Number of protein chains: 2
Amino acid sequence: MSPTVALIAPGAMGAAIGRRLTDHGLDVWTCLEGCSAASLERARAADLKNVPLASLMQADLLLSVVPPAEAAALAERLAPFITQTETPPVYCDLNAVSTATLARIERIVSDSGSAFVDGGIIGPPPSETKTPRIYAAGENAPALAKLSSYGLDVRILDGGIGSASALKMCFAGINKGMTALTTIMLLAAGRSGAGEALRGELAHSLPEVIERIDHGIPDMLPKAWRWHPEMREIADFLDAADPQGNDVAGRRAFEGFAALYEHLGDVSTNDALIRQLETLIDATAGASRK
Amino acid sequence: MSPTVALIAPGAMGAAIGRRLTDHGLDVWTCLEGCSAASLERARAADLKNVPLASLMQADLLLSVVPPAEAAALAERLAPFITQTETPPVYCDLNAVSTATLARIERIVSDSGSAFVDGGIIGPPPSETKTPRIYAAGENAPALAKLSSYGLDVRILDGGIGSASALKMCFAGINKGMTALTTIMLLAAGRSGAGEALRGELAHSLPEVIERIDHGIPDMLPKAWRWHPEMREIADFLDAADPQGNDVAGRRAFEGFAALYEHLGDVSTNDALIRQLETLIDATAGASRK
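About the cut-offs
- Residues numbered from 1 in each chain as written.
- Chains lettered and ligands numbered in written order.
- Predicted model: local features only at pLDDT ≥ 70, side-chain atom pairs only at ≥ 80, totals over all residues.
- Heavy atoms only, no water.
- Helix = DSSP H or I, 4+ residues; strand = E, 2+ residues; numbered from the N terminus.
- Rg over C-alpha atoms; globule rule 2.2 N^0.38 Å.
- Buried < 20%, exposed > 50% of the residue type's maximum accessible area, 1.4 Å probe, protein only.
- Areas by Shrake-Rupley, 256 points an atom, 1.4 Å probe, with all protein chains shown as cover.
- Lys, Arg positive; Asp, Glu negative; His and termini not counted.
- Charge placed at Lys NZ, Arg CZ, Asp CG, Glu CD.
- Contact = heavy atoms within 4.5 Å.
- Buried area = accessible area lost by both parts, 1.4 Å probe.
- Salt bridge = Lys/Arg side-chain N within 4 Å of Asp/Glu carboxyl O.
- Polar contact = N/O pair within 3.5 Å; in protein donor to acceptor, adjacent residues only side chain to side chain.
- Pairing = 2+ DSSP bridges.
- Axes fitted to C-alpha atoms, helices over the stretch in contact; angles between N-to-C directions.
- UniProt positions renumbered as here; feature names shortened; annotations may be inferred.
- pLDDT = per-residue confidence, 0-100.
- Least-squares fit on C-alpha atoms with pLDDT ≥ 70 in both.

- Per an unreviewed UniProt entry, chain A goes by the name 6-phosphogluconate dehydrogenase and belongs to Salinicola rhizosphaerae.

1. Considering the overall build of chain A
Alright, step 1. Looking only at helices and strands, one finds 12 helices and eight strands in chain A.
Alright, step 2. The C-alpha radius of gyration of chain A comes to 20 Å, within 12% of the 19 Å expected for a compact globule of 290 residues.
Alright, step 3. Each principal axis of the C-alpha atoms in chain A carries an extent, and together these give about 65 × 45 × 35 Å.
Alright, step 4. Counting all 290 residues of chain A, 57% fall into the buried class.
Alright, step 5. When the accessible surface of chain A is totalled, it reaches about 11,800 Å², and 50% of it is carbon and sulfur.
Alright, step 6. Of the side-chain charges in chain A, 25 are positive and 35 negative, and the distance between the mean point of each set is 4 Å.

2. Some remarks on the interface of chain A and chain B
By convention, interface size is frequently given as the accessible area that disappears when the constituent parts associate.
Alright, step 1. Facing 54 residues of chain A, the contacting portion of chain B comprises 54 residues.
Alright, step 2. In this assembly, chain A packs against chain B so that about 4,400 Å² is buried in total across both faces, 74% of it on carbon and sulfur atoms.
Alright, step 3. The largest share of the area that chain A buries against chain B comes from Ile174(A), Met185(A) and Glu201(A), three residues that together contribute 14% of it.
Alright, step 4. At the boundary of chain A and chain B, one finds two salt bridges.
Alright, step 5. With a shortest N-O distance of 2.5 Å, Arg133(A) and Glu201(B) are connected by a salt bridge.
Alright, step 6. Put simply, chain A and chain B have six residue pairs in polar contact (both at pLDDT 80 or more) between them.
Alright, step 7. If you list the elements that add at least two residues to the side of chain A that touches chain B, you get β7 (133–137), α6 (163–191), α7 (195–205), α8 (207–220), α9 (224–241) and α10 (248–265) of chain A.

3. Some details on the sheet that holds strand β8 (residues 153–156) of chain B
Residues and elements named next belong to chain B.
Alright, step 1. Pairing is mixed across the open sheet formed by eight strands, whose spatial order is β3-β2-β1-β4-β5-β6-β7-β8. Looking along the sheet, the strands with just one partner apiece sit at the ends: β3 (49–50) and β8.
Alright, step 2. With four bridges connecting them, strand β4 (residues 61–64) and strand β5 (residues 90–93) associate as parallel partners. Within β5, the residue paired with leucine 63 across the bridge is cysteine 92.
Alright, step 3. Contacts between helix α6 (residues 163–191) and the sheet are confined to β6 (116–122) and β7 (133–137), with β6 contributing the most and set at about 20 degrees to the helix.

4. Overview of the UniProt feature "domain: Rhodanese" (unreviewed entry) in chain A
Alright, step 1. UniProt marks residues 50–173 of chain A with the feature "domain: Rhodanese" (unreviewed entry), using the numbering shown here.
Alright, step 2. Between the C-alpha atoms that bound residues 50–173 of chain A there is a distance of 35 Å. The span itself is 35% helix and 20% strand.

5. So, the confidence of the model for chain A
Alright, step 1. Mean pLDDT over chain A: 94, with 96% of residues reaching 70 or higher.
Alright, step 2. In this model residues 286–290 of chain A is a low-confidence stretch, pLDDT under 50, and it forms four contacts with partners more than four residues away in sequence or in other chains.

6. Notes on the relation of the copies chain A and chain B
Alright, step 1. For these two chains of identical sequence, chain A goes onto chain B by a turn of 180 degrees and a shift of 0.0 Å along the axis, with RMSD 0.0 Å. Both chain copies can therefore be described as sitting about a two-fold axis. Across chain A, the rotation axis passes nearest the C-alpha of Ala253(A), at a separation of 1.8 Å.
Alright, step 2. Here 100% of the contact residues of chain A are again contact residues in chain B; the copies associate through an equivalent surface.

7. Looking at the pairing of β6(B)
Residue and element names in this part refer to chain B.
Alright, step 1. Counting buried positions along β6 gives seven out of seven residues, so the element sits mostly inside the fold.
Alright, step 2. Along β6, one buried face is formed by Phe116, Asp118, Gly120 and Ile122 and the opposite face, lined by Val117, Gly119 and Ile121, is buried too.
Alright, step 3. Pairing of β5 with β6 involves three bridges; the strand directions are parallel. The residue bridging tyrosine 91 from the neighbouring strand is phenylalanine 116, located in β6.

8. Quick notes on the pattern of salt bridges
Where side chains of opposite charge bring their charged atoms close, a pairing between them can arise.
Residues and elements named next belong to chain A.
Alright, step 1. A complete count under the given rule lists 22 salt bridges over all chains for this structure.
Alright, step 2. The residue arginine 104 makes a salt bridge to glutamate 76 at a minimum N-O spacing of 4.0 Å. One end of the pair, arginine 104, is in helix α4 (residues 99–112); the other, glutamate 76, is in helix α3 (residues 71–83), and 28 residues separate them in sequence.
Alright, step 3. On the basis of relative accessible area, glutamate 76 is assigned to the partly exposed category, the value being 46%.
Alright, step 4. In this structure, the salt-bridge partner of arginine 251 is aspartate 236, at a minimum N-O distance of 2.8 Å. Taken together, the residues span a long stretch of sequence, with arginine 251 in helix α10 and aspartate 236 in helix α9 at a distance of 15 residues.
Alright, step 5. According to the relative accessible area criterion, arginine 251 is partly exposed, its value standing at 22%.
Alright, step 6. Aspartate 236 gets classed as partly exposed once you look at its relative accessible area, which sits at 36%.
Alright, step 7. By sharing partners, the salt bridges in this structure join Asp236, Asp239, Arg251 and Glu255 into a single network.

In structure tokens:
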């Protein structure tokens, strides 16, 4: 029998996942209480069914797809509903959270009586041309993997609870960290009269970095506000991943990247930085890609 | 007339540059007082002529190619000799130093009476198959550019004194920073049971990072001790490059990378880390490249 899916929340990623599932014939429920107009519109376009929060507990699977800072709060908010339900849905946390945050969420959910899946989404939201990988870990991972029959690409990891979140942290750390690093050095080169020369040298010896400058930075700018807390999760994750607890390298690096994205995401002060970046980015390259 | 070149010191990069110049018929002098056995051997192989420090002042060009932390000390050591010489060589600082360190070196050299060139070397030492770019800035840059007729690839920047060092900082920051970032995340993935999964995801979505893992990390390990102070120069450079003086992002990130390279370069404690990395790197890929 087809599983019923509860999905919180219909943000850009959540709604696109919901849309993919409804396109494949699944019933996908969400709760739109207090949602923004944009979320309401996305939920409508994705054909999600709006139900009260308590009714989400009748689904087979619950997918949590929220900003990292809201992941634990969502589990706390749902816990009383889970407790009151005889057969609550399998709770799948798909968020970019540190393994410590994930462990906290797992405890809240398990104590309430739900089965739990540690998940992590890598790649852009589902679209006509793209499908992200959804990694799943823990003994209940096969429940989430059933969605591979409905248009998603779920891959089970054998590293146990925490390994899917760790994978997401590590991949996002490399990908979004490289964009941060490139942005920092491009700004510094521009301020030092070496912007064009840097582009020339990179085109010669590290052409993939030119791609990151001309496409990755413009793609990042409208998301910087959201990447900022994700960098903090990664800093926390790196601290915890080091058994000696003394590997400050990663924490410091990601505190730096968090500071960059915080600055770029603050619409009250980021104008000057964005204007500097625009003079160093080949907008033609960005436009021709569309 | 062919210029005579004084070169300090015959390290891996310096000796290879000297060798390229002597292969093209130039007289290249160095001073081997107090040099290591390895440097003596490299100088001999490169056909460099050993002369007293004072005699280097008779050359047309002096190339400073030393570790970043020794660049200013070398200028101070040479200053009295420069002062005593009627027509001292054009002093070319080719080191990976911050613009603040470069400005200090320029002041020492100019006050002593030498013309000065701000230079930066990007790429591996000259070899049968490779030639690094040597960027040159300042009004005396054309004097260094003459060496393009003798097997080097010198490119003049129009950004003024400091722009060649800034370019070197920015390029090294991206290149060595990306290797640091990749190393940090690979270690964290390995500790979290997600090492193989990370390799699989990267092979799919960021294949250039697999290249950096399998080739860049093994290449970096024996140089980590040297990259550590370079990361500190980059942290200093980023502070100075920000006119508001409040852009902590870059400084923090490079303090993190410096901590990583310090740890990896410390032969008394780095065994465990290197063993962890070895389990995550495809040594076959490294071997097949040779």
